[in-house]
Structure formats: structure tokens, C-alpha cells
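A look at the structure
Residues per chain, in single letters:
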Amino acid sequence: MTQLALVIDLNVCVGCHACVTSCKQWNTSGLAGPMVDQNAYGEDPTGTFFNRVQSFEIGTYPQTETVHFPKSCLHCEEPPCVPVCPTGASYKREQDGIVLVDYDKCIGCAYCSWACPYGAREMDAQQRVMKKCTLCVDRIYDEALPEDERKPACVMSCPTSARLFGDVHDENSDVSKAIRERAGYQLMPEWGTKPANHYLPRRKTEITIHPDELERADNPLSKEERKQHNAPSTGPSLDDMTSW
Amino acid sequence: MHPPFSMVFLTTLIGAGQGLFLALFTGQIFSQFKLLQAHDSQFFVVGTAISIILLCLGLFSAFFHLGRPERAWRSAARWKTSWLSREIIALPTALGAVALYGLAHFLGYTEPLMITAGGTQIDLTILLGLLATITVYILFICTGMIYAGIKFLQEWHTPLTVINYTLLGTASGFTIATALAAYFATNESSLVPFYATWAIIFTLLALITRSASLIRNRFFIKPKSDMRSAIGINHKNIKQIAQGSMGGSFNTREYFHGKSEGFVNAMKIVFLVMVFAIPLVLLVFAFNLSGLIIPLVAVAVQYFGLMVERWVFFADANHPQNLYYQQIS
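Criteria and cut-off values
- Residues numbered from 1 in each chain as written.
- Chains lettered and ligands numbered in written order.
- Predicted model: local features only at pLDDT ≥ 70, side-chain atom pairs only at ≥ 80, totals over all residues.
- Helix = DSSP H or I, 4+ residues; strand = E, 2+ residues; numbered from the N terminus.
- Contact = placed C-beta atoms within 7 Å.
- Buried ≥ 20, exposed ≤ 12 C-beta atoms within 10 Å, placed from the backbone.
- Nonpolar A, V, L, I, M, F, W, Y, C, P; charged D, E, K, R; others polar.
- Pairing = 2+ DSSP bridges.
- Axes fitted to C-alpha atoms, helices over the stretch in contact; angles between N-to-C directions.
- Expected span 1.5 Å × (residues − 1).
- Core = buried A, V, L, I, M, F, W, Y, C linked by C-beta atoms within 7 Å.
- Parallel < 35°, antiparallel > 145°, perpendicular 65-115°, else oblique.
- Left-handed = near helix turned anticlockwise from the far one by under 90°.
- Bend = angle between axes of the 7 residues up to and from the residue.
- pLDDT = per-residue confidence, 0-100.

Each helix and strand in chain A was counted, giving eight helices and 11 strands. Considering only intrachain contacts with a sequence separation of at least 6, the fraction spanning at least 24 residues in chain A is 56%.

Here's what the structure looks like:
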């Protein structure tokens, strides 16, 4: 069975919000739109977003690190938002595991959002139905698009390739490899929702270099170098000479 | 959670309506078994009418909770999995059953259909009353389970939620029945002591269970999720510096009540006084003092107290999604 999902690499996300704006642009004008904004230029702007980038400061100053954290629907394998829906508007697709809302059936009771621990669902203030990330279901199967563009808009736009898209049930997919090899994890695993989206943790890239790795002990040049030590007052002592 | 007023009205109104019906039927059963003097049939007709009005008002206010009320009929579809769907079926069913019970009294279908060995007469109103009692309890369970069924809201995810909805609704219904009995009381016979006794009993029971849930939520809940599991970074010092929008969002409006902790705590005292203390004192007075005013004041104070209680019920619940919305920027 296929389970499409995103894998988000927190190590390379720079918090540029390109995924947020491209998501909004694609979806507000597409199948899942509109994603209405209110007071867009006013004092208290608000609007519907399927994807938001949040920022967190980890540690105590000056030992702090800023983590940019993109958050969208995680397309859980055990989605708690689906069984609570009274109308069946909220559903999980059998064929690819995408969790969707049927806007024509939704009564806007918000009960599904109460049942989502991640706050991934947002009620559209104008259309008055519940909206959420569709994993760009209207892009990824669109045969009018070139094959390498059949990906969610956020994945296409990410300048640092922090977002990977694929089937997490296929062991050989890029996303499965990334999860396996780079310690991919799920959010709030304690609730048993089994999110399909995974996050890749921050990594420190460090190598340890010993001084003798910079200067080979058997480097033939070292002999010449030693000769330089023979210059007056900088040369080796008598003891050093005897050890030659 | 941000307390939605439509839900505050819905749950308090239907609770009182259900409780009132239970009170009427309890009275009828006691009369039927000759443990209590006979009721005036007008008492049941008027009482059921009030119960139906309360249930209808509750149903009406529920529509204000919906973004798309015109599609409300769709919500009966998923009764196999959704408690909300079950409630939407149970509420009109209970309403209908209570209406049938009232109609049977109104039309005077009190000819005994059968007589038990002990000489107790069973008539159509008793049978319809039993049916309505079952539907009323199903409705209490459905209403409570809507909240108790969400495991993420640990303050609600307890059997106490269902018990409190049932007992608070029953208590307020019996208080209304006391006022109704005072209205129908004559110099020779009064049913006020009977209903007041049961109102006091249910109010005291509700006081115990509601206090238990207050204590549980205050002292015994350990939040399952924290910042570490929310973003998956194992560090004890995580501070949000941006939540992805400069204004608010659905997530900030729906899940934060926006009042201080002190205000919520003050409201807890207010509802404890208004739902329990004042009505209990007034109900005790109602035993000895005739007149309609004391039980009516008890009804009003308890109902407004229950609205505060419901407000606190929502405000007290802390949704794990709030972890992602600690700081605007």
C-alpha cells in the first residue's frame, strides 16, 4: 500500500517561507482553494494556510540554535481527525494515504480540528469549511505536467531541498532511505497517530584532525624542512643532532 | 479551548431539558407505585412542554456552531465512528420520545393497559416514558462522549465528563421540576418536598463529581506532549520565536480563551457558588416556605451557574496544538 508523505530536513531548512507562499499560491487558485485572507493589509491580518514555518530557539543564550520548523498536515496513518467527522467529509484515501476534506460535505463543525493534536487543520473564515494540506493531490497526478514537476508545490519551491516527497511504504524510495539513514522521526509519537510525514534532525558536521594528519611523519620534504632548522640560533640542539 | 457559546447553550439547555423529563417521569413512577400522591395531569403536560422547549432551544443554538448549518442533515452519516454524529441522531430521537410522552399525557392515555401482580397500573404514558428515559440517557452519553472521546484533551478524556454532564443536567432538571411543583402546589397537596429532595440529592452528587474533575484536572494531569515531542528536538529549553503568522490564525482563535489563569480560577469559584451553594440553600428553604419565587430564583441562579461551569469546562481544557502557538513573533 502506498503512503505518500513529506520528509522535512530541519538541518537545511533556512526558514525562508518559500514553501508557505508557493503552497498558498498553488492551492488558493486550485482545487483546494480559495484560501481566504482577511484584513490582509490591516492591523490584524489572518488567513488560511496549509503550511506554516515556525521558528524555535533551542538552548540558553549564547549557546542557542534557531530551528525553522515547517508544519503542515502529517497525513497520519491512524488519522484521529477522520473517524470523528460526523459527515464523512474528512477521509483518508485508500490508494495513496492522503487525508483530505470533501468541501461539499463539510458542515464546518470544527470537531476534526479538535481531534488533531498538531493543529494542522484550519477553518476557512469565508468558505466556512475545514481546510488542510492536500499534498497537492491536484499536481502530483497531473499528466499535463512534466514528470519531474509532479510534486507538491512546497517541494518544488524549496531552495535548499529541505523537503522530500515520496512513498514512505516503499523501502527503496528516497524518503524511506532518508528516514532510515538520517534518523527520521515523527511528531508526538506518544498519541499513536503514526504521522506519515517525518522530520530529519539537525546534524553537526564535524571531523577530527590530528596534527600528524596535516604533516606526514614520513614526508620526504620534512628532511629539507629540518635542514632549515640548521639556521643560526633556530637550529636543533646538540641532542636533536645525535638523534638523527 | 475557546469556549464556543453555541456549545455552552446547547449543553446546558438540553441537559436541563433532559433532567426535567427525568424528574417528571420519576415523579410519575413514584405516584404509580403509590409512594407519592397523584400528579395533576396538567403538571406533566406543562413540564414536558418546558422540557421540549429547552431541547429545541439547545438544538437551535447548536446550528450556530456550524459553518454550514444548511448541511447539518449530513451529520447523521457517520454514527458508527463519530460521537458527534450519534448525538445528532440521539437529540431529535430524545426530543421525539419526550414529545410523545407529553402528547400521551395531553390526550389522557392513562387507561391502564395492564396491571402487575402488585396492583400497579401500567399505562401508555409509562411505556412511552420508559422509552424516552432510554433515549434521554443515550443522549447524555453521546453529549459527554463528544468531549470525553478526544484523547488529546486530557482534561476531558475521563468518565467524569460523561458523569458530570448527566448529573448536572439531571440536577438542573429537578430544580426546574421543583419550581413547577411550586407553581402547581395547592394548600392541601404539594409535590415540592419530593422534587426538592431529589434536586438536592442530584445537586450534591454533581458537586462531588464536578469537584472530582476539578481536582483531577488541577493536580493529577501530566501532559503527554511537551515541546520536545512537538518538534522532536530533545532539549529542555525550547522557546518559540515565530509561529508563522504575524496576526492570529484559526489555531489561535479556536484554542485559546484569552483570559488570565486568575480569571478562570475566579470563574471556578463563581460556578461552584452558583450551581451548588446558592441553589442548595434555596432548595432547603423551598421545603418550608411556599411560593414560587424561591424555586424560580434557584432555577435561574443554577442555570446561569451552569453556563459559567460550561465556560470553565472549555477554558480548562488545554489542547496539545497550543504547543505550536506559544508566541506570535
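After presenting the structure, the write-up continues.
Another aspect to go through is the overall build of chain B. Per the secondary structure count, chain B includes 10 helices and three strands. Beginning at the N terminus, the succession of helices and strands in chain B can be written as α-α-α-β-β-α-α-α-α-β-α-α-α. In terms of overall dimensions, chain B has C-alpha extents of about 75 × 45 × 35 Å along its principal axes. Considering chain B as a whole, with its 329 residues, one finds that 48% of them fall into the buried category. Considering only residue pairs separated by 6 or more positions, chain B has 77% of its internal contacts joining residues 24 or more positions apart.

Facing 46 residues of chain A, the contacting portion of chain B comprises 45 residues. Elements with a contribution of two residues or more to the side of chain A that touches chain B: strand E4 (51–60), strand E5 (63–72), helix H2 (111–114) and strand E8 (122–123) of chain A. Among the elements that make up the side of chain A that touches chain B, the one with the highest residue count is E4(A) (nine residues). Grouping the amino acids of the side of chain A that touches chain B by side-chain chemistry returns 28 nonpolar, 10 polar and eight charged. Bridge count between E4(A) and strand E3 (residues 238–242) of chain B: four bridges; the pairing is antiparallel. Bridging across to E3(B), A:Phe56 finds its partner in B:Gln240.

Pairing is antiparallel in the open sheet, where three strands are placed in the order E5(A)-E4(A)-E3(B). Unpaired on one side and paired on the other, E5 of chain A together with E3 of chain B mark the two borders of the sheet. Across the sheet, the mean angle separating the axes of adjacent strands is 30° when strand polarity is ignored. When E4(A) meets E5(A), the two strands line up antiparallel, connected through 10 bridges. Along E5(A), the bridge assignment pairs A:Glu57 with A:Thr66. In the packing of helix H1 (residues 18–28) of chain A onto the sheet, contacts are made with E4 and E5 of chain A, and the angle to E4(A) comes to roughly 165°.

Let's shift gears to unusual backbone geometry. Residue and element names in this part refer to chain A. Of note, the bond from Gly-33 into Pro-34 is cis; its omega dihedral lies within 30 degrees of zero at -5°. Checked against the element boundaries, Pro-34 lands in the loop between H1 and strand E2 (37–38). In this chain, Tyr-61 is followed by Pro-62 through a cis amide linkage whose omega measures 0°. Within the secondary structure, Pro-62 sits in the loop between E4 and E5. One non-glycine residue with positive phi stands out, namely Ser-161, at about 55°. When you line up the elements, Ser-161 lands in the loop between helix H4 (153–157) and strand E10 (163–167). On the basis of neighbour count, Ser-161 is assigned to the exposed category, with 10 C-beta atoms found within 10 Å. The phi angle at Met-188 is positive, at roughly 40°, despite the residue not being glycine.

Taking 1.5 Å as the rise per residue, helix H5 (residues 159–184) of chain B with 26 residues should run 38 Å; its terminal C-alpha atoms sit 37 Å apart, in good agreement. Among the 26 residues in H5(B), 23 count as buried, and that is most of the element.

Topologically, A:Gly184 is positioned in the loop between helix H5 (174–181) and strand E11 (198–200). The residues contacting A:Gly184, other than those within four sequence positions of it, are A:Val7, A:Ala178, A:Ile179, A:His198, A:Tyr199 and A:Leu200.

Moving on, we come to the nonpolar core. Formed by 154 residues in total, the largest nonpolar core has its most connected members in A:Ala115, B:Leu20, B:Ala94, B:Ala177, B:Tyr195 and B:Ala199. Broken down by element, this core gets its largest block of residues, 14 residues, from H5(B).

Residues and elements named next belong to chain A. Pairing within the open sheet is mixed, and its three strands lie in the order E10-E1-E11. In this open sheet, the two edge strands, each paired with only one partner strand, are E10 and E11. Neighbour-to-neighbour, the strand axes of the sheet open up by a mean angle of 25°, direction not taken into account. As judged from the three bridges shared by strand E1 (residues 4–9) and E11, these two strands associate in the parallel manner. Along E11, the bridge assignment pairs Ile-8 with Tyr-199. Along the sheet face, H5 touches E1, E10 and E11 and points at about 115° away from the line of E10.

Another aspect to go through is the packing of H5(B) against helix H10 (residues 293–316) of chain B. Residue and element names in this part refer to chain B. In contact at an axis separation of 8 Å, H5 and H10 are set at 160° when each is read in the N-to-C sense. As far as their axial angle goes, H10 and H5 are roughly antiparallel. Of the two elements, H5 crosses H10, and the hand of that crossing is left-handed. Note on element contacts: H10 touches H5 through Pro-295, Leu-296, Ala-298, Val-299, Gln-302, Tyr-303, Leu-306 and Glu-309, opposite Leu-168, Ser-172, Thr-175, Ile-176, Thr-178, Ala-179 and Ala-182. For the contact of H5 with H10, a count of residues per class yields 10 nonpolar, four polar and one charged.

All names here are of chain B. Helix length check: helix H9 (residues 261–288), at 28 residues, gives a terminal C-alpha distance of 41 Å against a target of 40 Å (1.5 Å per residue), a fit within 8%. At Val-273, H9 shows its largest kink, close to 35°. Among the residues making up H9, those that are buried are Phe-271, Met-274, Val-275, Phe-276, Pro-279, Leu-282, Leu-283 and Ala-286. Of the surrounding elements, those touching the buried residues of H9 are H5, helix H6 (192–219) and H10.

The predicted model of chain B averages 94 in pLDDT, with 100% of residues at 70 or higher. With pTM at 0.90, the complex prediction returns an ipTM value of 0.91.

A separate point is the packing of helix H1 (residues 5–32) of chain B against H10(B). All names here are of chain B. At a closest axis distance of 9 Å, the pairing of H1 and H10 adopts a crossing angle of 135°. The pairing of H1 with H10 is recorded here as oblique in orientation. Between H1 and H10 lies a crossing whose hand is right-handed. Residues Val-8, Thr-11, Thr-12 and Ala-16 of H1 pack against Tyr-303, Leu-306, Met-307, Arg-310 and Trp-311 of H10. When the residues that make up the contact of H1 with H10 are grouped by side-chain class, the tally is six nonpolar, two polar and one charged.

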